[in-house]
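Here is what each chain is made of, one letter per residue.
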Amino acid sequence: MRRIRYYSYGGPEVLTVEQADIPVPGPGQVLVRASAIGANFVDTLLRRGPSSGPIFDRPLPGRLTGDVVGTVEAVGPGVAVDQPASLVGRRVATLSEDAFAEYVVADLDWLAEVPSGLDVGAASTLPLGGPTALGALRAGHLAPGETVLVHAAAGGIGHLAVQLAKVLGAGRVIATAAGAAKLDFALDHGADVAIDYSADDWPDQVGKAAPDGVDVILDSIGGQTLLRGLDLLAPLGRTVVYGVASGDFREIPVTSLFALRSVVGFSLLAWRAADPEAGRRDVAEIAGHLAAGRLRTTVHACLPLDEAASAHRMFEERAHRGRILLLP
Ligand SMILES: NC(=O)c1ccc[n+]([C@@H]2O[C@H](COP(=O)([O-])OP(=O)(O)OC[C@H]3O[C@@H](n4cnc5c(N)ncnc54)[C@H](OP(=O)(O)O)[C@@H]3O)[C@@H](O)[C@H]2O)c1
C-alpha cells in the first residue's frame, strides 16, 4: 500500500510517498481501508519539528495524524469473536496517528460508526474536529444566551465551533479570521459578526460587537491573540485554549486573571483519557447533529494522497476554508 511519512523535519517537501506492508490489526483493533483522510493543521507544526515549540517535539520518522473515513476490512484477534462479519464491511471513521495511508489500524474502542447518508466530509469530523469543538465549548461552560468569540473561525475546527456554539444556545457568536473570503465563510456558517483579526484594531471591533464583554473565547492561536482576548472577557468570562497555531507560547500574567477571568485548556486526547464514556457520547452527539442538519462541514479541497504536500502548503499559506481531504 502507499503511505506518507517524513524522515527529516522541514517544509512540505519532506513528505515522502512510499510503499509499505498493509498493517495487521492487533487485539482490540480493526483494519480500515481508507476512502478519505481528513488532514489536520497541527501536523504542519509537528512536521517542522522542535522548532515549532516544545509540545511539537516528536521522534522521526514522522507520521501524520488524520481522520480516516473508510470500511472495516478485517478484525484483530479477540474482536467480535461471536459475530466478526458484523464489523467487516461497516463504514467507520477513526482518528489515526499514522493516517496518511491506504490502510490504517484502529482501536475498536474509538471507532465511530458513520450513519448512512453522511458524506465523507461530514464523516471526517466525527473522530476529532466535531468532538474538539464541542469539548472546547463545554470546557468554557457555555450557557444559553452567552456571547462566544471563536478565533480562526473559518478553519477545520473553527467552522464547526461556530455552528455548535449556536446549537448549544449561544446568544451571539463573533467569529474572527484573516481575509474577506474567510469572514464571509464564517457568516455563512452561522456567525452573527465576523471580524478580521489581521487588523490591529480587532479587539476594538470585538468590543463594539460585545459591549458587555465576551463570555467564552475559543482560542487556538495563542500569543498576542490570546493575551489581547483576555481583556475582552466579561466578568466571570472564560477563555478556552485548545491550540497554539501561531507557535507563540508566551505566558499569561497571573495578574491578568484578577478581573474575574479564567483560562482553561482543552485537549481531546486528554478528555478521552479522563472520561472515555463521555468522549464516546460526544462523538454520538456530533453524529446526531450532522444527521439532523444542525451541523455541516465544508470541504475546501479533495486531493490525491500523493499530493499530501500540497495539502500542507494550503495550511501554511492559510488558504483553506473548512476541511482538506486526501483521497487514497
Ligand atoms: N486541543 C485539541 O484536542 C486539538 C485537536 C485538534 C486540533 N487542535 C488545534 O486546533 C486548531 C485548529 O485546528 P484545525 O486543524 O482546524 O486548523 P485550522 O483552523 O483549519 O488552521 C489553522 C488556522 O489558524 C489560523 N492561524 C492564526 N495564526 C496562524 C499562524 N501564525 N500560522 C498559521 N495559521 C494561523 C489560520 O486561520 P486564519 O488565516 O483565519 O488566521 C489557519 O487557517 C489548531 O491550533 C490545532 O493545533 C487542538
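Above this note sits the structure.
Residues numbered from 1 in each chain as written. Predicted model: local features only at pLDDT ≥ 70, side-chain atom pairs only at ≥ 80, totals over all residues. Heavy atoms only, no water.

**Description of the nonpolar core**
Side chains of a nonpolar character, in soluble globular proteins, are inclined to be buried together.
Thinking step 1. Residues Leu126, Val148 and Leu218 are the most contacted members of the largest nonpolar core, which totals 39 residues.
Thinking step 2. Every element with two or more residues in this core is listed here: α2 (120-123), α3 (129-139), β8 (147-150), α4 (158-167), β9 (172-177), β11 (214-219) and α9 (276-291).
Thinking step 3. Both domains that meet at this core, namely domain 1 (2-124 + 297-327) and domain 2 (130-269), each give it at least three residues.
Thinking step 4. Apart from residues lying up to four places away in sequence, valine 148 is in contact with Leu137, Leu142, Ala165, Ala170, Arg172, Val173, Ile174, Val214 and Val216.
Thinking step 5. Counting 33 residues, the second-largest nonpolar core is a separate cluster that includes Leu45, Val104, Phe315 and Leu326. (Core = buried A, V, L, I, M, F, W, Y, C linked by side-chain atoms within 4.5 Å. Buried < 20%, exposed > 50% of the residue type's maximum accessible area, 1.4 Å probe, protein only. Helix = DSSP H or I, 4+ residues; strand = E, 2+ residues; numbered from the N terminus. Domains from an automatic or database assignment. Contact = heavy atoms within 4.5 Å.)

**Re the pairing of strand β14 (residues 299-304)**
Thinking step 1. Taken together, the five bridges between β14 and strand β15 (residues 323-327) define a ladder with parallel strand orientation. Paired with valine 299 across the bridge in β15 is arginine 323.
Thinking step 2. Read from β14 through helix α10 (residues 308-316) to β15, the crossover connection turns out right-handed. (Pairing = 2+ DSSP bridges. Right-handed = clockwise from strand over helix to strand, strands pointing away.)

**Observations regarding the site of the ligand**
Thinking step 1. Neighbouring the ligand are 24 residues, the closest being Ile157, Lys182, Tyr197, Leu268 and His320.
Thinking step 2. Contacts to the ligand include phenylalanine 41, whose backbone N or O atom sits 3.2 Å from an oxygen atom.
Thinking step 3. Here an oxygen atom of the ligand and a side-chain polar atom of lysine 182 are 2.7 Å apart.
Thinking step 4. Alone, the ligand offers 920 Å² of accessible surface; in the complex the protein occludes 88% of this.
Thinking step 5. Looking at side-chain class alone, the shell around the ligand contains 14 nonpolar, eight polar and two charged residues. (Near = heavy atom within 4 Å. Polar contact = N/O pair within 3.5 Å; in protein donor to acceptor, adjacent residues only side chain to side chain. Areas by Shrake-Rupley, 256 points an atom, 1.4 Å probe, with all protein chains shown as cover. Nonpolar A, V, L, I, M, F, W, Y, C, P; charged D, E, K, R; others polar.)

**Let's talk about the packing of α3 against α4**
Thinking step 1. Packing of α3 against α4 leaves a shortest axis separation of 9 Å and a crossing angle of 50°. Taken together, the axis directions place α3 and α4 in an arrangement best described as oblique. Of the two elements, α3 crosses α4, and the hand of that crossing is right-handed. Contacts between α3 and α4 involve Gly129, Gly130, Ala133, Leu134 and Leu137 on the former and, on the latter, Leu160, Ala161, Leu164 and Ala165.
Thinking step 2. Classifying every residue of the contact of α3 with α4 gives seven nonpolar, two polar and no charged. (Axes fitted to C-alpha atoms, helices over the stretch in contact; angles between N-to-C directions. Parallel < 35°, antiparallel > 145°, perpendicular 65-115°, else oblique. Left-handed = near helix turned anticlockwise from the far one by under 90°.)

**So, the packing of aromatic side chains**
Each aromatic ring pair is described using two quantities: the centre-to-centre distance and the angle formed by the ring planes.
Thinking step 1. Inspection of every chain in the model, using the stated rule, returns two aromatic pairs.
Thinking step 2. Judged by centre distance (6.3 Å) and plane angle (75°), the rings of phenylalanine 41 and phenylalanine 315 are edge-to-face. Here phenylalanine 315 lies in helix α10 and phenylalanine 41 lies in the loop between β3 (29-38) and α1 (42-48), a separation of 274 residues in the sequence.
Thinking step 3. Overall, the relative accessible area of 4% leaves phenylalanine 315 in the buried class.
Thinking step 4. The interplanar angle of 65° and the centroid separation of 6.1 Å between the aromatic rings of phenylalanine 56 and phenylalanine 249 together place this pair among those described as edge-to-face. You can see phenylalanine 56 sitting in the loop between α1 and β4 (66-75) and its partner phenylalanine 249 sitting in the loop between β12 (233-241) and β13 (262-265), a full 193 residues away along the chain.
Thinking step 5. You can call phenylalanine 249 partly exposed: its relative accessible area is 31%.
Thinking step 6. The aromatic ring of tryptophan 110 is capped on one face by arginine 272, whose charged end is 4.1 Å from the ring centroid.
Thinking step 7. Residue placement shows arginine 280 over the ring face of tryptophan 110; its charged tip is 5.0 Å from the ring centre. (Phe/Tyr/Trp six-rings, centres within 6.5 Å; stacked < 30°, edge-to-face > 60°. Lys NZ or Arg CZ within 6 Å of the ring centre and 35° of its normal.)

Nothing here speaks to function; it is geometry throughout.
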